[in-house]
Amino acid sequence: MSTADETATAAASGAAATERFHHDKSPYDAVKDTPKERVDLLARAVLDAIHETIRKHEVTYDEYNALKAWLIQVGADGEWPLFLDVWVEHVVEDVATADRQGSKGSIEGPYYVPDAPERGADADLPMRDGEQGTPLLWEGGITSTDGTPLAGTVELWHADADGYYSQFAPGIPEWNLRGTFTTGPDGKFRIRTIQPAPYQIPTDGACGRLISAAGWHAWRPAHLHVKVSAPGHEQLIAQLYFPGDPHNDDDIASAVKPELILSPVVQDDGSARIDYGFALDRRED
Ligand SMILES: [Fe+2]
C-alpha cells in the first residue's frame, strides 16, 4: 500500500482541484459578452427544474435543510469541481461535440494540470523507478478528419496502479504519469507508460456522503486522459478505457463511449500494446 493510500483525503484532493480550477481558467472572461436574456433563460430553467422536483416529489423541510447543509459542505470540502465534472460535465461534452466528425471525446474531469513535461514524439511518460502496473506501449497518430497527418501534441495524464493522481494525492512526485508528447509532420507518437487502475472518487467528503446516502457506488473504470491539439483544428479531450473493466458499463461519471475502449494486445513479456490514434475536426474560424 502506498503512502497515498494511507493519507489521501477528499478535502485535500478537493482543495487541490478547486485551486487548480481558479488558477488555470478565466471562466468569466469567456462569457463576458453573454446577453442578460441568455443568463435569465438558463437560470430560470435550472430553478424551474428544481421547483418541479420539489413539487413532484413533495420535498419536505427536513430534506430541504439537509440539502442546504450538504451544498454548504460541498463548497467547504472544495468538491464543486468533482461534483460538476462527475455528474454534469458529460452532458456538456455531448452537446459541445455533437457536430464533430472526428474522434469521439469525453470529459476532462478535475485532475488535469497544464504544462506537463515535454517528452517529444517517442518517450516514456514520467514515472517513478519501479512504477507499479502492467507496462503499456501506445503507438498512434494524429490526423485531420481527411487522414492528413498533423504535427500536434498529445497531453496524457492518468492515475497510478493504486488509482491516485500526482498533484492531487500526497506522496507522489509532482509530474508522475503526466506528460506532453509532440509529434512531427508525420503525426506519429509512441508512448510507454503503465496501465492505470480503476479508482473510486473520494468517498470521505460531501460527494461521498451523497453516494453513500443514495446507495450508489463511487467507481470510475481504469482510463487514460488525453488532450490532443494541432494548429487549425478543434482540440480533442478524451478518455480511453480498457476492455473488461467491470465499471465500463456503470461509470459514476457516465463518461465511457464504445469508441473509446482500447484493444490492448498482450505481448510475450506480459506488457500490453495499444494502437489508437486521433482524427481532429478542422476548426471553423
Ligand atoms: Fe481520471
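Every chain is numbered independently, its residues counted from 1 as its sequence is written. Selection of residues for local features in this predicted model requires a pLDDT of at least 70, selection of side-chain atom pairs for listing and counting requires 80 or more, and totals for whole chains, interfaces and linings are taken over all residues. With hydrogens and water excluded, all non-hydrogen atoms of the structure serve as input to the side-chain values.

Quick notes on the sheet that holds strand E10 (residues 236–241)
At least two DSSP bridges between two strands are needed for those strands to be called paired. Strands here mean DSSP runs of E at least two residues long; helices mean DSSP runs of H or I at least four residues long; both are numbered from the N terminus. Spatially, E1-E5-E4-E9-E10 is the arrangement adopted by the five strands of the open sheet, whose pairing is mixed. A single partner strand is all that each edge strand has here, and the edge strands are strand E1 (118–120) and E10. Sheet twist, expressed as the mean angle between neighbouring strand axes with direction ignored, is 25°. Sheet analysis places strand E4 (residues 153–158) next to strand E9 (residues 223–229), joined by six bridges and oriented antiparallel. Each residue of the ladder has a partner; that of His-158, found in E9, is Leu-224. Note on definitions: angles span 0 to 180 degrees between N-to-C directions of axes, and those axes are lines fitted to C-alpha atoms, for helices only across the stretch in contact.

Quick word on the UniProt feature "domain: Intradiol ring-cleavage dioxygenases" (unreviewed entry) in the protein
UniProt positions are given in the numbering used here, feature names are shortened, and annotations may be inferred rather than shown by experiment. The UniProt record marks residues 107–279 with the feature "domain: Intradiol ring-cleavage dioxygenases" (unreviewed entry), using the residue numbering of this structure. The distance from the first to the last C-alpha atom of residues 107–279 is 17 Å, and the span holds 5% helix and 34% strand.

Concerning the coordination of the iron ion
Coordinating donors are taken to be N, O and S atoms lying within 2.8 Å of the metal, or within 3.2 Å when the metal is Na, K or Ca; because water is excluded from the atom set, some sites may appear incomplete. In this structure, Tyr-165 (OH), Tyr-199 (OH), His-223 (NE2) and His-225 (NE2) serve as the protein donors to the iron ion, at separations of 1.9 to 2.2 Å. Note on geometry labels: four donors, all angles 85 to 135 degrees, give tetrahedral; four donors become square planar and six octahedral when opposite donors are over 155 degrees apart and every other angle is between 65 and 115; remaining cases are irregular. One can describe the donor arrangement at the iron ion as irregular, given that its four donor atoms subtend angles of 89 to 164° at the metal. Mapped onto the sequence, the donors of the iron ion take the spacing Y-x33-Y-x23-H-x1-H.

Focus on the pattern of salt bridges
Pairing is possible between side chains that carry opposite charge, provided their charged atoms lie close to one another. Put simply, a salt bridge is a Lys or Arg side-chain nitrogen that is within 4 Å of an Asp or Glu carboxyl oxygen. In the structure shown here, the tally under the stated rule is 13 salt bridges. Across the pair Lys-257 and Glu-93 runs a salt bridge, and its minimum N-O distance is 2.8 Å. Residue Lys-257 is located in the loop between E10 and strand E11 (265–266), and its partner Glu-93 is located in helix H6 (residues 89–96); the two are separated by 164 residues in the primary sequence. Relative accessibility thresholds used throughout: buried, under 20% of the residue-type maximum; exposed, over 50%; partly exposed, between the two (1.4 Å probe, protein chains only). A relative accessible area of 15% places Lys-257 in the buried class. On the basis of relative accessible area, Glu-93 is assigned to the buried category, the value being 10%. Note that Glu-108 is salt-bridged to Lys-227, the shortest N-O span being 3.3 Å. Here Glu-108, found in the loop between H6 and E1, pairs with Lys-227, found in strand E9; they are 119 residues apart in sequence, far enough to count as distant.

Let's talk about the UniProt feature "domain: Catechol dioxygenase N-terminal" (unreviewed entry) in the protein
With numbering matched to this structure, UniProt assigns "domain: Catechol dioxygenase N-terminal" (unreviewed entry) to residues 37–103. The annotated region residues 37–103 carries 79% helix and 0% strand content, and the separation between its end C-alpha atoms amounts to 34 Å.

With respect to the side chain of Lys-257
In terms of polar contacts, Lys-257 uses its side chain to reach the backbone carbonyl oxygen of Gly-105, at 2.8 Å. Residues contacting Lys-257, with those up to four places away along its chain left out, are Glu-93, Asp-94, Lys-104 and Gly-105. Side-chain atoms alone can form a polar contact between residues adjacent in sequence; in general such a contact is a pair of N or O atoms within 3.5 Å, and within protein one must be able to donate a hydrogen while the other accepts it. Throughout, a contact is declared for two residues whenever any of their heavy atoms are within 4.5 Å.

So, the side chain of Glu-108
Judged by its relative accessible area of 9%, Glu-108 falls in the buried class. A distance of 3.3 Å separates the side chain of Glu-108 from the side chain of Lys-227, its partner in a polar contact.

Let's talk about helix H4 (residues 61–76)
Between its first and last C-alpha atoms H4 spans 22 Å; for 16 residues at 1.5 Å apiece the expected length is 22 Å, and the two agree. Positioned one or two residues after H4, Gly-78 has a phi angle of 70°, which is positive. To estimate how far a helix should reach, multiply one less than its number of residues by 1.5 Å.

Some points on the pairing of E4
Burial analysis of E4 places five of its six residues in the buried class, the great majority of the element. Sheet topology note: the E4/strand E5 (residues 178–182) ladder contains five bridges and is antiparallel. Looking at the pairing, Val-154 lines up with Phe-181 of E5.

Thoughts on the packing of H4 against helix H7 (residues 206–214)
Close contact between H4 and H7 brings their axes to 8 Å; oriented N to C, the two are set at 140°. Judged on the interaxial angle alone, H7 and H4 are oblique. Residues Trp-70, Gln-73 and Val-74 of H4 lie in contact with H7, whose contacting residues are Ala-206, Cys-207, Arg-209 and Leu-210. Only Asp, Glu, Lys and Arg are considered charged, only Ala, Val, Leu, Ile, Met, Phe, Trp, Tyr, Cys and Pro nonpolar, and every remaining residue, Gly among them, polar. Here the residues of the contact of H4 with H7 are counted per class, giving five nonpolar, one polar and one charged. Geometric relationships in this document are graded by angle, where less than 35 degrees denotes roughly parallel, more than 145 denotes roughly antiparallel, 65 to 115 denotes roughly perpendicular, and other angles denote oblique.

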